[in-house]
Amino acid sequence: EWEPALEYHLRAAEQSRRRFANRDALELYRTALQIAPRLVASSAPAELIERVAGIHEAIGDIHLLLGEYDLAEAQFREALELAAAGSGPVSERWLRLHRLLATLEERRSRYDAAFQWLHVGMARATAALRAEMARCHLLGAGIYFRQGAYIQAMEWSQMGLRLAEQVQSSADKAHALLLLVALRER
(Lines give C-alpha, C1' and ligand atoms only; values in the text may rest on other atoms or scores of the structure.)
Protein backbone atom coordinates (compact mmCIF):
# COMPACT_ATOMS: atom_id res chain seq x y z
CA GLU A 1 0.00 0.00 0.00
CA TRP A 2 2.60 2.52 -1.10
CA GLU A 3 0.19 5.23 -2.24
CA PRO A 4 -1.55 5.54 1.15
CA ALA A 5 1.87 5.34 2.86
CA LEU A 6 3.13 8.27 0.81
CA GLU A 7 0.00 10.30 1.55
CA TYR A 8 0.24 9.52 5.26
CA HIS A 9 3.87 10.66 5.40
CA LEU A 10 3.13 13.86 3.47
CA ARG A 11 0.17 14.75 5.69
CA ALA A 12 2.14 13.96 8.84
CA ALA A 13 5.06 16.06 7.59
CA GLU A 14 2.76 19.03 6.92
CA GLN A 15 1.21 18.66 10.34
CA SER A 16 4.69 18.61 11.90
CA ARG A 17 5.60 21.77 9.97
CA ARG A 18 2.50 23.55 11.23
CA ARG A 19 3.54 22.65 14.78
CA PHE A 20 7.12 23.82 14.14
CA ALA A 21 8.44 20.29 14.64
CA ASN A 22 10.82 20.86 11.76
CA ARG A 23 13.19 17.94 12.40
CA ASP A 24 10.23 15.55 12.55
CA ALA A 25 8.88 17.01 9.33
CA LEU A 26 12.26 16.55 7.63
CA GLU A 27 12.34 12.90 8.67
CA LEU A 28 8.82 12.30 7.38
CA TYR A 29 9.61 14.01 4.06
CA ARG A 30 12.78 11.94 3.69
CA THR A 31 10.76 8.78 4.23
CA ALA A 32 8.27 9.99 1.62
CA LEU A 33 11.16 10.37 -0.82
CA GLN A 34 12.07 6.74 -0.18
CA ILE A 35 8.49 5.64 -0.79
CA ALA A 36 7.96 7.64 -4.00
CA PRO A 37 10.03 5.41 -6.34
CA ARG A 38 7.81 2.47 -5.40
CA LEU A 39 4.90 4.26 -7.11
CA VAL A 40 6.50 4.33 -10.57
CA ALA A 41 4.31 1.50 -11.86
CA SER A 42 1.06 2.89 -10.48
CA SER A 43 1.40 6.66 -11.06
CA ALA A 44 1.61 8.79 -14.17
CA PRO A 45 5.27 9.81 -14.59
CA ALA A 46 4.58 13.55 -14.79
CA GLU A 47 2.39 13.43 -11.66
CA LEU A 48 5.00 11.50 -9.70
CA ILE A 49 7.76 13.88 -10.80
CA GLU A 50 5.63 16.82 -9.63
CA ARG A 51 5.02 15.19 -6.25
CA VAL A 52 8.70 14.42 -5.73
CA ALA A 53 9.62 17.97 -6.75
CA GLY A 54 7.16 19.21 -4.13
CA ILE A 55 8.79 17.04 -1.47
CA HIS A 56 12.24 18.39 -2.33
CA GLU A 57 10.87 21.94 -2.25
CA ALA A 58 9.29 21.36 1.17
CA ILE A 59 12.54 19.94 2.55
CA GLY A 60 14.39 22.93 1.13
CA ASP A 61 11.90 25.32 2.76
CA ILE A 62 12.56 23.78 6.16
CA HIS A 63 16.32 23.90 5.74
CA LEU A 64 16.04 27.54 4.65
CA LEU A 65 13.97 28.30 7.74
CA LEU A 66 16.59 26.61 9.92
CA GLY A 67 19.43 28.56 8.29
CA GLU A 68 20.92 25.41 6.74
CA TYR A 69 21.58 27.09 3.43
CA ASP A 70 23.71 24.44 1.72
CA LEU A 71 21.12 21.76 2.45
CA ALA A 72 18.31 24.05 1.29
CA GLU A 73 20.14 24.85 -1.93
CA ALA A 74 20.65 21.16 -2.75
CA GLN A 75 16.95 20.46 -2.26
CA PHE A 76 15.80 23.49 -4.25
CA ARG A 77 18.13 22.59 -7.12
CA GLU A 78 16.82 19.03 -7.15
CA ALA A 79 13.24 20.31 -7.18
CA LEU A 80 14.10 22.77 -9.97
CA GLU A 81 15.59 20.02 -12.09
CA LEU A 82 12.48 17.91 -11.60
CA ALA A 83 10.16 20.85 -12.26
CA ALA A 84 11.91 21.58 -15.55
CA ALA A 85 11.65 17.91 -16.54
CA GLY A 86 8.07 17.45 -15.36
CA SER A 87 5.75 20.28 -16.29
CA GLY A 88 8.05 22.42 -18.38
CA PRO A 89 10.37 25.31 -17.63
CA VAL A 90 7.74 27.99 -17.06
CA SER A 91 5.54 26.41 -14.42
CA GLU A 92 4.66 28.19 -11.21
CA ARG A 93 6.90 25.83 -9.26
CA TRP A 94 9.81 26.52 -11.65
CA LEU A 95 9.53 30.27 -11.10
CA ARG A 96 8.95 29.91 -7.35
CA LEU A 97 12.11 27.81 -7.08
CA HIS A 98 14.08 30.55 -8.80
CA ARG A 99 12.68 32.98 -6.24
CA LEU A 100 13.54 30.62 -3.39
CA LEU A 101 17.09 30.21 -4.67
CA ALA A 102 17.30 34.01 -4.92
CA THR A 103 16.05 34.26 -1.33
CA LEU A 104 18.74 31.83 -0.28
CA GLU A 105 21.43 33.92 -1.96
CA GLU A 106 19.99 37.07 -0.39
CA ARG A 107 20.31 35.52 3.06
CA ARG A 108 23.92 34.69 2.26
CA SER A 109 24.36 38.38 1.30
CA ARG A 110 25.16 37.37 -2.27
CA TYR A 111 22.96 39.95 -3.91
CA ASP A 112 24.33 39.58 -7.45
CA ALA A 113 23.67 35.84 -7.35
CA ALA A 114 20.16 36.51 -6.02
CA PHE A 115 19.43 38.82 -8.94
CA GLN A 116 20.78 36.23 -11.38
CA TRP A 117 18.22 33.73 -10.12
CA LEU A 118 15.45 36.33 -10.30
CA HIS A 119 16.37 37.49 -13.81
CA VAL A 120 16.59 33.95 -15.21
CA GLY A 121 13.22 33.01 -13.75
CA MET A 122 11.44 36.23 -14.65
CA ALA A 123 12.79 36.30 -18.21
CA ARG A 124 10.93 33.10 -19.06
CA ALA A 125 7.77 33.67 -17.02
CA THR A 126 4.42 34.06 -18.70
CA ALA A 127 1.51 36.37 -17.89
CA ALA A 128 -0.20 33.45 -16.15
CA LEU A 129 2.43 33.59 -13.40
CA ARG A 130 1.62 37.12 -12.21
CA ALA A 131 1.32 36.18 -8.53
CA GLU A 132 4.78 34.64 -8.44
CA MET A 133 6.16 37.48 -10.55
CA ALA A 134 4.85 39.93 -7.93
CA ARG A 135 6.78 38.05 -5.24
CA CYS A 136 9.92 38.08 -7.40
CA HIS A 137 9.64 41.83 -7.85
CA LEU A 138 9.10 42.36 -4.14
CA LEU A 139 12.12 40.24 -3.26
CA GLY A 140 14.21 42.22 -5.74
CA ALA A 141 12.88 45.49 -4.31
CA GLY A 142 13.94 44.43 -0.84
CA ILE A 143 17.42 43.55 -2.04
CA TYR A 144 17.77 46.88 -3.82
CA PHE A 145 16.56 48.62 -0.66
CA ARG A 146 19.23 46.92 1.46
CA GLN A 147 21.85 47.93 -1.07
CA GLY A 148 20.73 51.56 -0.95
CA ALA A 149 19.57 51.51 -4.59
CA TYR A 150 16.32 53.29 -3.76
CA ILE A 151 15.27 54.20 -7.31
CA GLN A 152 15.44 50.56 -8.44
CA ALA A 153 13.76 49.47 -5.22
CA MET A 154 10.92 51.90 -5.92
CA GLU A 155 10.51 50.64 -9.50
CA TRP A 156 10.49 47.00 -8.44
CA SER A 157 8.09 47.72 -5.56
CA GLN A 158 5.66 49.52 -7.87
CA MET A 159 5.76 46.65 -10.36
CA GLY A 160 5.21 44.16 -7.55
CA LEU A 161 2.26 46.23 -6.34
CA ARG A 162 0.71 46.36 -9.82
CA LEU A 163 1.03 42.60 -10.23
CA ALA A 164 -0.31 41.95 -6.72
CA GLU A 165 -3.33 44.12 -7.47
CA GLN A 166 -3.97 42.23 -10.72
CA VAL A 167 -4.07 38.90 -8.91
CA GLN A 168 -5.80 40.40 -5.85
CA SER A 169 -3.17 39.20 -3.39
CA SER A 170 -3.69 41.11 -0.15
CA ALA A 171 -0.47 39.81 1.40
CA ASP A 172 1.65 40.84 -1.58
CA LYS A 173 -0.09 44.22 -1.80
CA ALA A 174 0.65 44.81 1.88
CA HIS A 175 4.29 43.83 1.36
CA ALA A 176 4.59 46.21 -1.60
CA LEU A 177 2.97 49.07 0.29
CA LEU A 178 5.25 48.52 3.28
CA LEU A 179 8.27 48.72 0.98
CA LEU A 180 6.94 51.85 -0.70
CA VAL A 181 6.34 53.57 2.66
CA ALA A 182 9.88 52.70 3.76
CA LEU A 183 11.24 54.05 0.48
CA ARG A 184 9.33 57.31 0.76
CA GLU A 185 10.91 57.87 4.17
CA ARG A 186 14.34 57.74 2.56
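Structure: above.
These numbers were taken from a predicted model, which means no experiment stands behind them.

## A word on the overall build of the chain
- When helices and strands are counted, the chain shows nine helices and zero strands.
- Its helices and strands in sequence order give the chain the pattern α-α-α-α-α-α-α-α-α, from N to C terminus.
- In terms of overall size, the chain behaves like a compact globule, its C-alpha atoms giving a radius of gyration of 18 Å where 186 residues would be expected to give roughly 16 Å.
- Once the C-alpha set of the chain is aligned to its principal axes, its extents read approximately 60 × 30 × 30 Å.
- Per-residue burial for the chain yields a buried fraction of 50% across its 186 residues.
- Total accessible area on the chain stands at roughly 9800 Å², and carbon and sulfur atoms take up 52% of it.
- Once the 23 positive and 24 negative side-chain charges of the chain are each reduced to a mean point, those two points are 4 Å apart.

## Side note on the packing of helix α7 (residues 130-147) against helix α9 (residues 170-184)
- Packing of α7 against α9 brings their axes to within 10 Å, and their N-to-C directions diverge by 25°. In terms of axis orientation, α7 runs roughly parallel to α9. Crossing hand, α7 versus α9: left-handed. Residue-level inspection shows Ala131, Arg135, Leu138, Ala141, Gly142 and Phe145 of α7 in contact with α9, the latter providing Asp172, His175, Ala176, Leu179, Ala182 and Leu183.
- Split into classes, the residues belonging to the contact of α7 with α9 amount to eight nonpolar, two polar and two charged.

## Quick look at the pattern of salt bridges
- Following the criterion strictly, the structure yields 19 salt bridges and no others.
- Two residues, Glu132 and Arg135, come together in a salt bridge whose shortest N-O distance is 3.2 Å. In this pair, Glu132 and Arg135 are both assigned in helix α7, three residues apart and thus about one turn of the helix distant.
- Overall, Glu132 belongs to the buried group, its relative accessible area being 2%.
- On the basis of relative accessible area, Arg135 is assigned to the partly exposed category, the value being 28%.

## Quick notes on helix α5 (residues 92-107)
- Spanning 16 residues, α5 covers 22 Å between terminal C-alpha atoms, matching the ideal 22 Å at 1.5 Å per step.
- Burial analysis of α5 places 14 of its 16 residues in the buried class, which makes it a mostly covered element.
- In the stretch just after α5, Ser109 is the one whose phi turns positive, near 65°.

## A few points about the side chain of His63
- Within the secondary structure, His63 sits in helix α3 (residues 45-65).
- Taking relative accessible area as the criterion, His63 reaches 3% and is therefore assigned buried.
- There is a polar contact of 2.5 Å between the side chain of His63 and the side chain of Glu68.
- Ignoring anything within four residues of it in the chain, the contact list for His63 reads Leu26, Arg30, Glu68, Leu71, Ala72 and Gln75.

Calculation notes
- Per chain, residue numbering runs from 1 following the sequence as it is written.
- Where totals are concerned, whole chains, interfaces and linings use all residues; where local detail is concerned, this predicted model gives features only for residues with pLDDT of at least 70, and gives and counts side-chain atom pairs only at 80 or more.
- No hydrogens and no water enter the side-chain calculation; it runs on all heavy atoms of the structure.
- What counts as a helix is a DSSP run of H or I of at least four residues, what counts as a strand is a run of E of at least two, and both are numbered from the N terminus.
- Between the two quantities, the radius of gyration covers C-alpha atoms and the globule rule is 2.2 Å times the number of residues to the power 0.38.
- Working definition: with a 1.4 Å probe on protein chains only, accessible area under 20% of the residue-type maximum means buried, over 50% means exposed, and in between means partly exposed.
- Per-residue and other accessible areas were derived by the Shrake-Rupley procedure at a 1.4 Å probe size, with only the shown protein chains allowed to occlude residues.
- The charged-residue count follows a simple rule in which Lys and Arg add positive charge and Asp and Glu add negative charge, with His and chain termini not counted at all.
- Where a charge lies is defined by one atom per residue type, namely NZ (Lys), CZ (Arg), CG (Asp) and CD (Glu).
- What counts as an axis is a line fitted to C-alpha atoms, over the stretch in contact for a helix, and the angles between N-to-C directions run from 0 to 180 degrees.
- Reported orientations rely on four angle classes, namely roughly parallel under 35 degrees, roughly antiparallel over 145, roughly perpendicular from 65 to 115, and oblique for the rest.
- When the near helix sits turned anticlockwise from the far one by under a right angle, the crossing is termed left-handed; a clockwise turn instead gives a right-handed crossing.
- In what follows, a contact means two residues having at least one pair of non-hydrogen atoms within 4.5 Å.
- Residues are grouped as follows: Ala, Val, Leu, Ile, Met, Phe, Trp, Tyr, Cys and Pro are nonpolar; Asp, Glu, Lys and Arg are charged; every other residue, Gly included, is polar.
- For this document, the term salt bridge refers to a Lys or Arg side-chain nitrogen within 4 Å of an Asp or Glu carboxyl oxygen.
- The span one expects for a helix is its residue count, reduced by one, times 1.5 Å.
- Polar contact criterion, stated in full: a pair of N or O atoms within 3.5 Å, where within protein one must be able to donate a hydrogen and the other to accept it, and residues adjacent in sequence count only if both atoms are side-chain atoms.

Interpretation note: all reported values are geometric properties and have no functional meaning in isolation.
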